[in-house]
Amino acid sequence: MSESTPFVQALGLHKTYAVHSGLGEKAKKIRAVDGVNFGIRRGEVFALVGESGSGKSTVGKLLLRLEEVSSGRVLIDGTDLLSLGKNDLRAFRRRIQMIFQDPFASLNPHMRVNEMLHEALAIHGLFKSGNQRNERIAELLQLVGLAPEFSSRYPHEFSGGQRQRISIARALAVEPEFIVADEAVSALDVSNQAQIINVLMDLKTDFGLTMLFISHNMAVVQNIADTVAVMYLGKMMEIAPAKDLFRSPKHPYTTALLSAIPVPEVARERKRIILQGDMPSPLDPPSGCVFRTRCSQASEHCAQVVPALTQTSPGRWVACHLHQTTLTESL
Ligand code: ATP
Ligand code: SF4
């Protein structure tokens, strides 16, 4: 694999769910993820943002094969995840882990912290002797900023922020290379959010972790992401290096999301754009550009033609008819 090949590649991902609206009604299809392509470089934090229901969590689950794709491919370090049989997938899972939004729901309430971490190590046959495992558990707790004496406690004996640290320790136990953090700090207060983000950033720096960071909170993303991808109704609207995206968003949806950040220096430069109405139902998405029903710049053309995600400059991709000058044409 060449140096420039992304560590994680999502190629033409589609995920459709069949939903039944009532007895005797024909099932309808929700396109939760509708033809999504992107790559994540080794060691980068790739943030996936967008309103609730845009398909972010589904993308995260497809990348880890916690959900099966309807079509498309996922390559991680060159391995086609979807081609792996049950045993190979189980072995590969050591390299890919997930941190969920609600640490309380994702931690077994009947297990002490050390039992949980022991279990994670045992599943993958790591640190075989009892002593080695105990040392590893102490090391993990220290990494996430928890005192080792906490290890004999149960999840309910911890605060929300501490529980999220335990989730991170459990994900790290198996020395993964790729982590999907799905709204990992959303349930926490601002000071705990900042602390958990610091833990994640240290892990990225110290271990070169590659991360998909899913969030609806642009202010949090600004602090952590190298690259940002913006989703809306199952489609990718814009992908850009974080600095460029926050400085000069190209897609009208990104512009609206950024205008809502309550950070004085950003707010001062930008006019607040209130997104009108709700996101349309994914059961009946708009024709053409899916954002057109809320876009102040929509034209007749936008209702008829789906804008392709087009590269507009190195590393920048936009799906909007206002930005269809491709990199090749502009050179
Ligand atoms: P949130 O932040 O609220 O989780 P999201 O951007 O992560 O939102 P998803 O959870 O991926 O979005 O959901 C995308 C769409 O797919 C939504 O319309 C959701 O209702 C639908 N969906 C997700 N999972 C299922 C499922 N198991 N069955 C049916 N529909 C689903
Ligand atoms: Fe707005 Fe048209 Fe661009 Fe869609 S393609 S974001 S409707 S201008």
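Computed from a predicted structure; not experimentally measured. (Residues numbered from 1 in each chain as written. Chains lettered and ligands numbered in written order. Predicted model: local features only at pLDDT ≥ 70, side-chain atom pairs only at ≥ 80, totals over all residues. Heavy atoms only, no water.)

A. Summary view of the overall build of the protein chain. The helix and strand inventory of the protein chain stands at 13 helices and twelve strands. Expected size for 331 residues packed as a compact globule is a radius of gyration near 20 Å; at 21 Å, the protein chain falls within 12% of this value. The dimensions of the protein chain, computed from C-alpha atoms along their principal axes, are 70 × 50 × 50 Å. The 331 residues of the protein chain split such that 46% are buried. For the protein chain, restricting intrachain contacts to residue pairs at least 6 apart in sequence, the fraction spanning at least 24 positions comes to 63%. Approximately 16000 Å² of the protein chain is accessible, and the part contributed by carbon and sulfur atoms is 50%. Across the protein chain, the 36 positively charged side chains and the 33 negatively charged ones have centroids separated by 3 Å. (Helix = DSSP H or I, 4+ residues; strand = E, 2+ residues; numbered from the N terminus. Rg over C-alpha atoms; globule rule 2.2 N^0.38 Å. Buried < 20%, exposed > 50% of the residue type's maximum accessible area, 1.4 Å probe, protein only. Contact = heavy atoms within 4.5 Å. Areas by Shrake-Rupley, 256 points an atom, 1.4 Å probe, with all protein chains shown as cover. Lys, Arg positive; Asp, Glu negative; His and termini not counted. Charge placed at Lys NZ, Arg CZ, Asp CG, Glu CD.)

B. Just the sheet that holds strand β11 (residues 310-313), in detail. A sheet is described by the order of its strands in space; here eight strands give the open sequence β6-β7-β8-β3-β9-β10-β12-β11, paired in mixed fashion. If you trace the sheet from one side to the other, it starts and ends with β6 (96-99) and β11, each paired once. Strand-to-strand, the axes of this sheet are offset by a mean angle of 20°, without reference to chain direction. For β6 and strand β7 (residues 178-182), the ladder comprises four bridges, and the chain directions are parallel. Paired with M98 across the strands is V180, a residue of β7. Those strands touched by helix α6 (residues 160-173) are β6 and β7, and its axis lies near 175° from that of β6. (Pairing = 2+ DSSP bridges. Axes fitted to C-alpha atoms, helices over the stretch in contact; angles between N-to-C directions.)

C. Geometry of the site of ligand 2. Taken together, 13 residues form the shell around ligand 2, and within it C289, C295, C302, C320 and H321 come nearest. Considered class by class, the residues forming the shell around ligand 2 number nine nonpolar, three polar and one charged. (Near = heavy atom within 4 Å. Nonpolar A, V, L, I, M, F, W, Y, C, P; charged D, E, K, R; others polar.)

D. A look at the sheet that holds strand β2 (residues 28-40). Taken together, four strands build an open sheet; the order of strands is β2-β1-β4-β5 and the sheet is antiparallel. Two strands bound the open sheet, and with one partner strand each, they are β2 and β5 (79-80). One ladder, built from five bridges, connects strand β1 (residues 8-19) with strand β4 (residues 71-76); its direction is antiparallel. Pairing of H14 across the sheet is with S71, part of β4.

E. Quick peek at the site of ligand 1. If you check the shell around ligand 1, you find 13 residues, and the closest are S52, G53, K56, S57 and T58. S57 is positioned with one of its backbone polar atoms (N or O) 2.8 Å from an oxygen atom of ligand 1. Within the contact set of ligand 1, an oxygen atom lies 2.5 Å away from a side-chain nitrogen or oxygen of T58. Elements with a minimum of two residues in the shell around ligand 1: β1, β2 and α1 (56-63). In terms of residues, the shell around ligand 1 owes the most to one element, α1, which gives three residues. (Polar contact = N/O pair within 3.5 Å; in protein donor to acceptor, adjacent residues only side chain to side chain.)

F. Fine view of the packing of helix α4 (residues 113-123) against helix α5 (residues 130-143). Closest axis-to-axis distance for the α4/α5 pair is 10 Å, and the angle between their directions is 115°. α5 is crossed by α4, and the crossing has right-handed handedness. Only G130, R133, N134, R136, I137 and L141 of α5 make contact with α4, whose side of the interface consists of V113, N114, L117, H118, L121 and A122. For the contact of α4 with α5, the per-class residue count stands at six nonpolar, four polar and two charged. (Left-handed = near helix turned anticlockwise from the far one by under 90°.)

G. How the structure looks around the pairing of β7. The element β7 is largely enclosed, with a buried count of five among its five residues. Covered by surrounding structure in β7 are F178, V180 and D182 together with I179 and A181, the residues of both alternating faces. One ladder, built from five bridges, connects β7 with strand β8 (residues 210-214); its direction is parallel. Bridging across to β8, I179 finds its partner in M211. After leaving β7, the chain enters helix α7 (residues 190-207) and then returns to the sheet as β8, a path that is right-handed. (Right-handed = clockwise from strand over helix to strand, strands pointing away.)

These values are about where atoms sit, not about what they do.
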